[in-house]
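Spelled out from the first residue to the last, the chains are:
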Amino acid sequence: MTAIDILRALFEILVLWVLIYQLYRMVRGSRGGAILAGLLALVILCYFVLEITEARVLQKIAALILSPGVVVVVLFQPEIRNALAKFGANRLIKPLFSRRSEKQDFIAKVVDSVQFLASKHIGALICICRTNKLSECVQTATRIDAEYSRELIGTIFFPKTLLHDGAVIVDDERIVCAGAILPVSNKEIKDRSLGLRHRAGIGMAESSDAVIVIVSEETGGISLAVGSALQRDMSESLLTQRLTELLNSHANTEDDSKDSQA
């Protein structure tokens, strides 16, 4: 046996070990594990019965029905689907099959949640991080670290809850914290209709590159603060357009920076 044959054998053993271990992880503690045990017992029983009776035709039918590929796909369809989804979401795999810096799903969630709050006249202050992570504000807030969703945003800003007066900080499409206290703008604001929520949003936009979405409790109007600019009474289509421009352009710039460093 040559060195190449030995390496090939070791490689095959390694691949088999990984496959068996991953199968064990999928079925461990799940309903599929109990089903697999029951199926193995049934296969062994059928094998001995068919061998004793020498029913060759039934043996061929049983071998076809109980082939490993068919059994694995039928029994472990949810587990296989979840495993493939996790594999596809891997940071090394996802960029190969998805559009670069695609944030449309997240932007749609933000717009949907903001529209819902506005329709109910529920005030809200949402800070979407870009380069600056707003760590000082995060430290004084209530940590959440959860996927962004309309239901969670609606719960946080629902009147009379303990966190509804503060701001939500979002980073990497996740809600980092709620109840954050933002710095109020020191500039003189001539528009007296702007309340504390708008002033805090403007102050945060002035001191960072975050994108701030504000919902007025009084009017239900939607505003967007970026830098020193405040856009008020934004429609759904305009908000979607501006978030797409701001967040996608930032993501593309960040990716270019990473590529150049690599």
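Each remark here, short or long, concerns the structure printed above.
1. Notes on the packing of aromatic side chains
Applying the stated criterion across every chain, the model contains one aromatic pair. Look at Phe 106 and Tyr 148: their rings are 5.6 Å apart centre to centre, the planes differ by 80 degrees, and that puts the pair in the edge-to-face class. Linking Phe 106 in helix H7 (residues 104-119) with Tyr 148 in the loop between strand E2 (142-147) and helix H9 (150-157), this pair joins segments that are 42 residues apart in sequence. Taking the relative accessible area as the measure of exposure, Phe 106 reaches 4% and is therefore buried. Overall, the relative accessible area of 1% leaves Tyr 148 in the buried class. A cation over an aromatic ring shows up here: Arg 150 above the ring of Phe 116, its NZ or CZ 4.9 Å from the ring centre.

2. Thoughts on the side chain of Ser 216
Mapped onto the elements of the fold, Ser 216 is located in the loop between strand E5 (211-215) and strand E6 (222-226). Side-chain polar atoms of Ser 216 contact the backbone nitrogen of Glu 218, separated by 3.3 Å.

3. Quick word on the pattern of salt bridges
Oppositely charged side chains can form a pair if their charged atoms are brought close together. Applying the stated criterion across every chain yields a total of seven salt bridges. Note that Asp 171 and Lys 133 form a salt bridge whose closest N and O atoms lie 3.2 Å from each other. Taken together, the residues Asp 171 in strand E3 (residues 167-171) and Lys 133 in the loop between strand E1 (124-128) and helix H8 (135-139) connect sequence positions 38 residues apart. A salt bridge links Glu 245 to Arg 242; the nearest nitrogen and oxygen atoms lie 2.9 Å apart. Note that Glu 245 and Arg 242 are positioned in helix H11 (residues 236-261) at a spacing of three residues, about one turn of the helix.

4. Considering the environment of Thr 140
Turning to its location among the elements, Thr 140 is positioned in the loop between H8 and E2. Distance in space between the C-alpha atoms of Thr 140 and Cys 177 is 9.4 Å, their sequence separation being 37 residues. From its side chain, Thr 140 meets the backbone oxygen of Cys 137 in a polar contact 3.0 Å long.

5. Considerations on H9
Listed as buried for H9 are Ile 153, Gly 154, Ile 156 and Phe 157. Down the axis of H9, the sector holding all buried residues measures 165 degrees, keeping them to one side. Turned more than 90 degrees away from the buried face of H9, the exposed residues are Glu 151 and Thr 155. Contact partners of the buried residues in H9: H7, E1, E2, E3 and strand E4 (174-180).

6. Examining a nonpolar patch on the surface
Where nonpolar side chains cluster on the molecular surface, the patch consists of Ile 6, Leu 7, Leu 10 and Ile 13 and spans about 400 Å² of accessible area. Inspection of the secondary structure puts Ile 13 in helix H1 (residues 3-27).

7. Considerations on the sheet that holds E3
Reading across from one edge, E2-E4-E3-E1-E5-E6-E7 is the order of the seven strands in this open sheet, with mixed pairing throughout. Of all strands in the sheet, those bounded by a partner on one side alone are E2 and strand E7 (229-231). Across the sheet, the mean angle separating the axes of adjacent strands is 20 degrees when strand polarity is ignored. In this sheet, E6 lies alongside E5 in antiparallel orientation, the contact comprising four bridges. The partner of Val 213 across the bridge, within E6, is Leu 224.

Criteria and cut-off values
Residues numbered from 1 in each chain as written. Predicted model: local features only at pLDDT ≥ 70, side-chain atom pairs only at ≥ 80, totals over all residues. Heavy atoms only, no water. Phe/Tyr/Trp six-rings, centres within 6.5 Å; stacked < 30°, edge-to-face > 60°. Helix = DSSP H or I, 4+ residues; strand = E, 2+ residues; numbered from the N terminus. Buried < 20%, exposed > 50% of the residue type's maximum accessible area, 1.4 Å probe, protein only. Lys NZ or Arg CZ within 6 Å of the ring centre and 35° of its normal. Polar contact = N/O pair within 3.5 Å; in protein donor to acceptor, adjacent residues only side chain to side chain. Salt bridge = Lys/Arg side-chain N within 4 Å of Asp/Glu carboxyl O. Arc of directions from axis to C-beta. Contact = heavy atoms within 4.5 Å. Patch = residues over 30% accessible without salt bridge, like charges linked within 9 Å, V, L, I, M, F, W, Y side chains within 5 Å. Areas by Shrake-Rupley, 256 points an atom, 1.4 Å probe, with all protein chains shown as cover. Pairing = 2+ DSSP bridges. Axes fitted to C-alpha atoms, helices over the stretch in contact; angles between N-to-C directions.

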